[in-house]
Amino acid sequence: MSNKTVSVDDLAKEIALAVQQYTEDVSKAIENEVNETAKKVMKDAADNSPVDTGEYKKGWARKKSSKGGQIKYTIYNKEKPGIVHLLEFGHAKKNGGRVAARPHLRPAYDKHVPEMEKRIKEIIKNGGG
């Protein structure tokens, strides 16, 4: 924070500039935090993926999207997108019985997202620092 002297006439403008700078700093820091967390979730999902040919394990990717000021990352499997839910939750076999669930995506999410939320609160509290 600077010790700059400001006239009463310029006070509103200086406050607006300070709020704008705070908002930009916080937004950049949050975007970085979400990006890093998405990388961690993707890596954990890949590390804990079931392996048959290895194609599924290597197929994890993330996609960034933004709408209305919100930034979102989607973690998905680009090589075998149709089997993520089957492996994650299990499924019925063709001739009866069930294939056991092999959770790997949700545990990665549950491991990293709560920590990200705590760090985002700290980012907001510290003004992006």
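Before any of the text, the structure's been laid out above.
Report on the accompanying structure. (Residues numbered from 1 in each chain as written. Predicted model: local features only at pLDDT ≥ 70, side-chain atom pairs only at ≥ 80, totals over all residues. Heavy atoms only, no water.)

## Description of the overall build of the chain
Note the following rule: Numbering of helices and strands runs from the N terminus, with a helix taken as a DSSP run of H or I at least four residues long and a strand as a DSSP run of E at least two residues long. Our radius of gyration is a C-alpha quantity, and the globule rule it is checked against amounts to 2.2 Å times the number of residues to the power 0.38. Each residue's exposure class comes from its accessible area (1.4 Å probe, protein chains only) as a fraction of the maximum for that residue type: buried when under 20%, exposed when over 50%, partly exposed otherwise. Using a 1.4 Å probe, the Shrake-Rupley method yields the accessible areas, and only the shown protein chains count as cover for residues. For the purpose of charge, His is not counted, nor are the chain termini; Lys and Arg are scored as positive and Asp and Glu as negative. For the purpose of locating charges, the reference atoms are NZ of Lys, CZ of Arg, CG of Asp and CD of Glu.
Within the chain, the secondary structure is distributed over four helices and four strands. Of the regular secondary structure in the chain, the N- to C-terminal order runs α-α-β-β-α-β-β-α. Since a compact globule built from 129 residues should have a radius of gyration of about 14 Å, the 22 Å found for the chain marks it as more spread out than a globular shape. For the chain, with 129 residues in total, the buried portion stands at 25%. On the chain, roughly 9400 Å² of surface is accessible, and the fraction owed to carbon and sulfur atoms is 54%. For the chain, the distance from the average position of its 25 positive side-chain charges to the average position of its 18 negative side-chain charges is 9 Å.

## Some remarks on the environment of Gly129
The topology assignment puts Gly129 in the segment after helix H4 (105-125). For Gly129, a relative accessible area of 76% translates into the label exposed. Residues Gly129 and Tyr22, spaced 107 residues apart in sequence, show a C-alpha to C-alpha distance of 9.9 Å.

## So, the environment of Glu33
As a reminder of what qualifies: Every residue pair with non-hydrogen atoms within 4.5 Å of one another is taken to be in contact.
Take Glu33: it is sitting in helix H1 (residues 8-47). Separated by 90 residues in sequence, Glu33 and Ile123 place their C-alpha atoms 9.2 Å apart. Not counting the four nearest positions on each side in its chain, Glu33 is found in contact with Met116, Arg119, Ile120 and Ile123.

## Some words on the packing of H1 against H4
Put simply, the rule is: Lines fitted to C-alpha atoms define the axes, with helix axes restricted to the stretch in contact, and inter-axis angles between N-to-C directions lie between 0 and 180 degrees. Here roughly perpendicular refers to angles of 65 to 115 degrees, roughly parallel to angles under 35, roughly antiparallel to angles over 145, and oblique to all remaining angles. Note on convention: near helix rotated counterclockwise from far helix by under a right angle means a left-handed crossing. Clockwise means right-handed. For this classification, Asp, Glu, Lys and Arg are treated as charged, while Ala, Val, Leu, Ile, Met, Phe, Trp, Tyr, Cys and Pro are nonpolar and the rest, including Gly, are polar.
With their axes 9 Å apart at the nearest point, H1 and H4 run at an angle of 165° to one another. Relative to H4, the element H1 lies roughly antiparallel. Between H1 and H4 the crossing geometry is right-handed. Contact with H1, carried on its side by Tyr22, Val26, Ala29, Ile30, Glu33, Val34, Thr37, Lys40, Val41, Asp44 and Ala45, involves Leu105, Ala108, Tyr109, Lys111, His112, Val113, Met116, Arg119, Ile120, Ile123 and Ile124 of H4 and no other residues of that element. Its residues placed into classes, the contact of H1 with H4 shows 15 nonpolar, two polar and five charged.

## Concerning the pairing of strand E1 (residues 60-67)
Rules: DSSP bridges decide pairing: two strands pair if at least two such bridges lie between them.
Here eight bridges tie E1 to strand E2 (residues 70-77), and the two strands are oriented antiparallel to one another. Counterpart to Ala61 in the pairing with E2 is Tyr76. Following E1, the chain reverses through two residues before pairing antiparallel with E2; Gly68 in that reversal takes a positive phi of roughly 60°.

## Some points on H1
Stated formally: For a helix, the expected span equals 1.5 Å multiplied by the number of residues minus one.
With 40 residues, H1 should reach 58 Å at 1.5 Å per residue; the first-to-last C-alpha distance of 59 Å fits that figure. Taken as a whole, H1 has its buried residues at Val26, Ala29, Glu33, Val34, Asn35, Thr37, Ala38, Val41, Met42, Asp44, Ala45 and Ala46. Buried residues in H1 make contact with helix H2 (55-58), E1, E2 and H4.

## A word on the pattern of salt bridges
The test is simple: A carboxyl oxygen of Asp or Glu within 4 Å of a side-chain nitrogen of Lys or Arg is what we treat as a salt bridge.
This model, assessed by the stated rule, comprises eight salt bridges. In this structure, Lys64 and Glu31 form a salt bridge, with 2.6 Å as the shortest nitrogen-oxygen distance. With a gap of 33 residues between them, Lys64 in strand E1 and Glu31 in helix H1 connect regions that are remote in the sequence. Residue classification places Glu31 among the partly exposed residues on the basis of a relative accessible area of 27%. Across the salt bridge formed by Lys43 and Asp47, the nearest N and O atoms sit 2.7 Å from each other. A residue pair is termed a helical-turn pair when its members lie 3 or 4 positions apart in one helix, as Lys43 and Asp47 do in helix H1 at four residues. Accessibility expressed as a relative area gives 41% for Asp47, which makes it partly exposed.

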